[in-house]
Amino acid sequence: MPATLATPATRPDTASFRELFLSGVPLLDVRAPVEFHRGAFPTAVNIPLMNDSEREQVGIRYKQAGQEAAIALGTRLVAGEIKQARIRQWADFARAHPRGYLYCFRGGLRSRISQQWLRQEAGIDYPRVTGGYKAMRGYLMEVLRDGALAPGHLVLGGLTGSGKTDVLRNVDNAVDLEGHANHRGSGFGKRVTPQPSQIDFEHRVAIDLLRKQACGWQAMVFEDESRLIGANALPLELLQTIQTAPLVWLEASQEDRVERILREYVVELRAEFAARHGAAGDALFSQRLQDSLTAISRKLGGERYARLMGQMRAALARQLDGGDCDGHRAWILGLLNEYYDPMYAWRMQEKTPRIVFRGDAGAVTEYLRQRACRA
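None of these values were measured; they are calculated from a predicted model.

Next up on the list: the nonpolar core. Of all hydrophobic cores here, the largest spans 45 residues; its most connected members are Phe21, Leu27, Phe41, Tyr103 and Leu177. At the level of elements, helix H2 (17-23), strand E3 (101-103), helix H8 (132-149), helix H10 (177-181), helix H11 (198-214), helix H12 (236-244), strand E9 (247-250) and helix H17 (328-351) are the ones that each hand at least two residues to this core. Broken down by element, this core gets its largest block of residues, 8 residues, from H8. Filtering out sequence-adjacent residues up to four positions away, Leu27 remains in contact with Leu20, Phe41, Thr43, Ala44, Val45, Phe93, Tyr101, Tyr103 and Val129.

If you want it as structure tokens, here you go:
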């Protein structure tokens, strides 16, 4: 039998979830791929004990004949070269990440089998997370719930294109919800890369809260969001806080807002599509903009939608032909004047009493920094 690696051998299994997430250690997830894609953790890599088909067969056998029969079937399915290939992958991970841990759903049978095979076949004694994924997720949901309901939070609001995300980047105790959701928040906010699953979004926000709390921040700054950021829903406690906490209002001229939207939603988005899709990027970028406008067509009404779409298509033709982006300002200004700003004006009736400060980006940033409080 190969000699056991010295580095990880002395490390016991752990249930110190706080330290795991604060340190960001690599995690070896041995659950089936379908479980992993439903929800995991930012530093986790999925190298499953059983693939989806094998897990399904074992699950059926468990229901029909009990645990022993299920284990026997699993042993037959994951044998020979299949077993050896998975052990090699685990061993490669363990050698590359000697301070990591492995886990399964409950920290039970699958992770213990993986540990045993690693020890017996590769001579590697690799620790597991007791309680597994279920316990770690439960811990993060506690952090998220308690953190969202803590006193003293502030909410940053402003009209579309006012630059709220830019301000948040310059405030140490700010939680960038749109960044965690990989979405800019508006109907045009979809990015080139996909959004995380709902569970992964919740985990990202919880870990961010945990790390900021560990740095001593008592209260956070959140952007004024609706219930959904794209496909990701805000947890109820966080939504309640955003809807009731004191509001800091970021003011920006309409000209600045148009230029910011032009830069982020047109120039930068086209560059992102080109970087990811190469020659096909321009066609995909053009379709994305048009699809985004179409998605709100019923709210715009037929005449307004047709006019704005005509302006957008003309602007896209100029941009993709010669790089001239000036034509986009027409439909951007139209959307602000005829859709986004009137919508905000209606909502402001209930938000105004909560406003504790108004100002431009510099003044708001300074106010938020002064209000920030460490434990």
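Okay, the sheet that holds strand E10 (residues 355-359) next. Read across the sheet, 5 strands follow the order E5-E6-E4-E9-E10 without closing on themselves; strand pairing throughout is parallel. The open sheet is flanked by strand E5 (174-175) and E10, the only strands paired with a single partner. Pairing of E5 with strand E6 (residues 221-223), which is carried by 2 bridges, proceeds in the parallel orientation. Counted as the bridge partner of Val175 is Phe222 from E6.

All right, on to empty space enclosed by the protein then. Enumeration over the complete set of coordinates arrives at 1 cavity of 30 Å³ or more. Of the volumes computed, that of the largest cavity is approximately 100 Å³. Around the largest cavity, the lining residues are Thr160, Ser186, Phe188, Ile261, Tyr265, Trp331, Ile332, Leu335, Leu336 and Tyr340. Taken together, the elements giving at least two residues each to the lining of the largest cavity come down to helix H13 (254-277) and H17. In terms of residue count, H17 provides more of the lining of the largest cavity than any other element does, 5 residues in total. Here the residues of the lining of the largest cavity are counted per class, giving 8 nonpolar, 2 polar and no charged.

Before going further, it helps to examine the packing of helix H16 (residues 302-322) against H17. For the pair H16 and H17, the least separation of the axes is 7 Å and the interaxial angle reads 150°. As judged from the angle between their axes, H16 and H17 are roughly antiparallel. The handedness of the crossing between H16 and H17 is left-handed. Residues Arg304, Arg307, Leu308, Gln311, Met312, Ala315, Leu316 and Gln319 of H16 pack against His328, Ala330, Trp331, Gly334, Leu335 and Glu338 of H17. Across the contact of H16 with H17, the residue classes break down as 7 nonpolar, 4 polar and 3 charged.

Another aspect to go through is the layout of surface pockets. Roughly 1200 Å³ of volume is contained in the largest pocket. Around the largest pocket, the lining comprises 46 residues; the ones closest to its centre are Glu178, Gly185, Ser186, Glu225 and Tyr344. Looking at side-chain class alone, the lining of the largest pocket contains 12 nonpolar, 15 polar and 19 charged residues. When its volume is computed, the second largest pocket comes out at roughly 760 Å³. Lining the second largest pocket we find 27 residues, and of these Met50, Arg55, Val58, Leu109 and Arg110 sit closest to its centre. Mapped onto the lining of the second largest pocket, the elements with two or more residues apiece are helix H3 (33-38), helix H4 (52-65), helix H5 (67-77) and helix H7 (109-122). Class assignment for the residues of the lining of the second largest pocket results in 14 nonpolar, 6 polar and 7 charged.

Attention shifts here to the UniProt feature "domain: Rhodanese" (unreviewed entry) in the protein. Following the UniProt record, the feature "domain: Rhodanese" (unreviewed entry) maps to residues 21-145 here. As a span, residues 21-145 carries 63% helix and 7% strand, and end to end its C-alpha atoms are 16 Å apart.

Cut-offs applied
Residues numbered from 1 in each chain as written. Predicted model: local features only at pLDDT ≥ 70, side-chain atom pairs only at ≥ 80, totals over all residues. Heavy atoms only, no water. Core = buried A, V, L, I, M, F, W, Y, C linked by side-chain atoms within 4.5 Å. Buried < 20%, exposed > 50% of the residue type's maximum accessible area, 1.4 Å probe, protein only. Helix = DSSP H or I, 4+ residues; strand = E, 2+ residues; numbered from the N terminus. Contact = heavy atoms within 4.5 Å. Pairing = 2+ DSSP bridges. 1 Å grid on protein atoms, 1.4 Å probe; cavity = no way out; pocket = protein on both sides within 12 Å on 5 of 7 lines; lining within 4 Å. Points joined across faces, edges and corners; volume = space filled by probe spheres on them. Nonpolar A, V, L, I, M, F, W, Y, C, P; charged D, E, K, R; others polar. Axes fitted to C-alpha atoms, helices over the stretch in contact; angles between N-to-C directions. Parallel < 35°, antiparallel > 145°, perpendicular 65-115°, else oblique. Left-handed = near helix turned anticlockwise from the far one by under 90°. UniProt positions renumbered as here; feature names shortened; annotations may be inferred.

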